[in-house]
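Listed below, chain by chain, are the residues.
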Amino acid sequence: MGKKSRRKSVSIYILYYFTFYFTLGASMLYFSQFFETIHISGGQSGMIFAIGSFLAMAVQPVLGYINDKTKKSKEILVLITGVIFITLFFMNYINSFMGILTLYSLYAIAVFCEMPLMDTVSLSTDYAFGKIRLWGSIGFAVGALVSGKVIEIFGPSSFLYLAAVVSIVTGVIILKIPVKMKSTHEEDEKVDIKKLLTNKRYIVFVIVSMLFLGTNNGHNSYFGVYFKEIGGSMALLGTTIFLMTLSEVPFIGVSTKLISKKGVEFVVTLAVLCITVRWGVYFLLSKPSVIAGTFLSQGASVGLFFAGANLFVRNIVEKNTLGTAITIFMAAGSLGGMFVQYISGVIIEQSSAVYIYGFFTILAFTALILMFWGKKIKE
């Protein structure tokens, strides 16, 4: 492949990540606000989010297995993106609880299944994954900002049309992706799920994912409550979240060089260490100015983890189970998130939002111990 052709191919992947995560940033952050405008109660909203997450978690491994079995990544991704468009478009015309529950559940399944599958496709190339993935973080931040402005001008439901239009662009881009999955096995070789599930190193990392992503999901759900409780203003909260999201970009960018020098396992372990320290600071130094000033900690933890985790999975599993392995890994994060969100809600109800970060610190430290233990496990 010539340099010009290679640059064009990389650009397609970059555009794919940017537009897909733009759609997420433009929609995911504004559903709770939209549900209020159509008179869906807080309890009903919680049920919608929980059921959507549960169904997505259940479908992820199944779709990963289908992808590994059929090798039809491109077709599956186009179909999933079509579902995202349909759910976003029709959500503007259905106001009933059951209708919104159905549409959001389909949206959540599509979104959370596309994430690991698009990473699987990217990992099947020889391009630096970190340099491609960072454009997802940029797209998410830009999408959130643009959608906020669109809502101010055109009303609370306008973000659905914006996200739907960009999802169409994403579908067109997928059609142009030169998907060529590296095949290191015979076409009729069976996808050995049993071997995957007896891979001790992989299972340990799945547990790490449950703990790491679980605390991160809990943080995403309750950070606003925590920040308000410690005396932070809503204006400072918005600025802090935006800076946190953007902080992932430089760390994902530098991850490629760090991985080449120190190895992917080092980078993932460093990310787990950073998130342990981060939650410890949130628990022990709960002041708005301190928390806002540590916005780079999100990039150092979440940014590095997402840049290295999928590469680490690729290194420790068989090639013909990669799609299944990544989707199980992501589903484990969703399961951990459900558990952490529930326990955190109980902690807030019984005491204070500050204490959930003490809980997060314990879980993250456990994940750190598991990472060091995983190094000692021989395949």
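- Naming follows an unreviewed UniProt entry, where the protein chain appears as MFS transporter of Psychrilyobacter piezotolerans.
- Looking at the Subcellular location (unreviewed entry) heading of the UniProt record, one finds this comment for the protein chain: "Cell inner membrane".

### Section: the packing of helix H9 (residues 200–229) against helix H11 (residues 264–284)
- Two elements in contact, H9 and H11, have axes whose closest approach is 12 Å; the angle formed by their N-to-C orientations is 35°. Our pair here, H9 against H11, has a crossing hand that is left-handed. Across the interface between the two elements, Arg 201, Phe 205, Val 208, Phe 212, Thr 215, Asn 216, His 219, Phe 223 and Tyr 226 from H9 touch Glu 265, Val 268, Ala 271, Val 272, Ile 275, Arg 278, Trp 279 and Tyr 282 from H11.
- Each residue belonging to the contact of H9 with H11 can be placed in one class, and the counts come to 11 nonpolar, 3 polar and 3 charged.

### Observations regarding a positive patch on the surface
- Taken together, the side chains of Lys 131, Lys 257, Lys 261 and Lys 262 present a region of like positive charge at the surface.
- With 3 residues, the single largest contributor to the positive patch is helix H10 (residues 234–262).
- Looking at where Lys 262 falls in the secondary structure, it is placed in helix H10.

### Focus on the packing of aromatic side chains
- Evaluated as defined, the whole model comprises 32 aromatic pairs.
- An angle of 75° between the planes, with centres 5.1 Å apart, marks the rings of Tyr 357 and Phe 360 as edge-to-face. Of the two residues, Tyr 357 and Phe 360 both sit in helix H15 (residues 354–375), 3 residues apart, roughly one turn of that helix. Considered together, Tyr 357 and Phe 360 belong to a single accessibility category, that of buried residues.
- Members of the aromatic cluster, connected to one another through ring pairs, are Tyr 30, Phe 31, Phe 34, Phe 35, Tyr 104, Tyr 107 and Phe 159.
- In this structure, Arg 133 is placed above the aromatic ring of Tyr 21, and the distance from its NZ or CZ to the ring centre is 4.7 Å.
- Positioned above the aromatic ring of Phe 306 is the side chain of Arg 133, whose terminal nitrogen or guanidinium carbon lies 5.5 Å from the ring centre.

### Focus: the side chain of Asn 310
- Considering the arrangement of structural elements, one finds Asn 310 in helix H13 (residues 296–316).
- Not counting chain neighbours up to four residues away, the residues in contact with Asn 310 comprise Asp 119, Leu 123, Phe 129, Ile 326 and Phe 329.

Cut-offs used in this document
Residues numbered from 1 in each chain as written. Predicted model: local features only at pLDDT ≥ 70, side-chain atom pairs only at ≥ 80, totals over all residues. Heavy atoms only, no water. UniProt positions renumbered as here; feature names shortened; annotations may be inferred. Axes fitted to C-alpha atoms, helices over the stretch in contact; angles between N-to-C directions. Helix = DSSP H or I, 4+ residues; strand = E, 2+ residues; numbered from the N terminus. Left-handed = near helix turned anticlockwise from the far one by under 90°. Contact = heavy atoms within 4.5 Å. Nonpolar A, V, L, I, M, F, W, Y, C, P; charged D, E, K, R; others polar. Patch = residues over 30% accessible without salt bridge, like charges linked within 9 Å, V, L, I, M, F, W, Y side chains within 5 Å. Areas by Shrake-Rupley, 256 points an atom, 1.4 Å probe, with all protein chains shown as cover. Salt bridge = Lys/Arg side-chain N within 4 Å of Asp/Glu carboxyl O. Lys, Arg positive; Asp, Glu negative; His and termini not counted. Charge placed at Lys NZ, Arg CZ, Asp CG, Glu CD. Phe/Tyr/Trp six-rings, centres within 6.5 Å; stacked < 30°, edge-to-face > 60°. Buried < 20%, exposed > 50% of the residue type's maximum accessible area, 1.4 Å probe, protein only. Lys NZ or Arg CZ within 6 Å of the ring centre and 35° of its normal.

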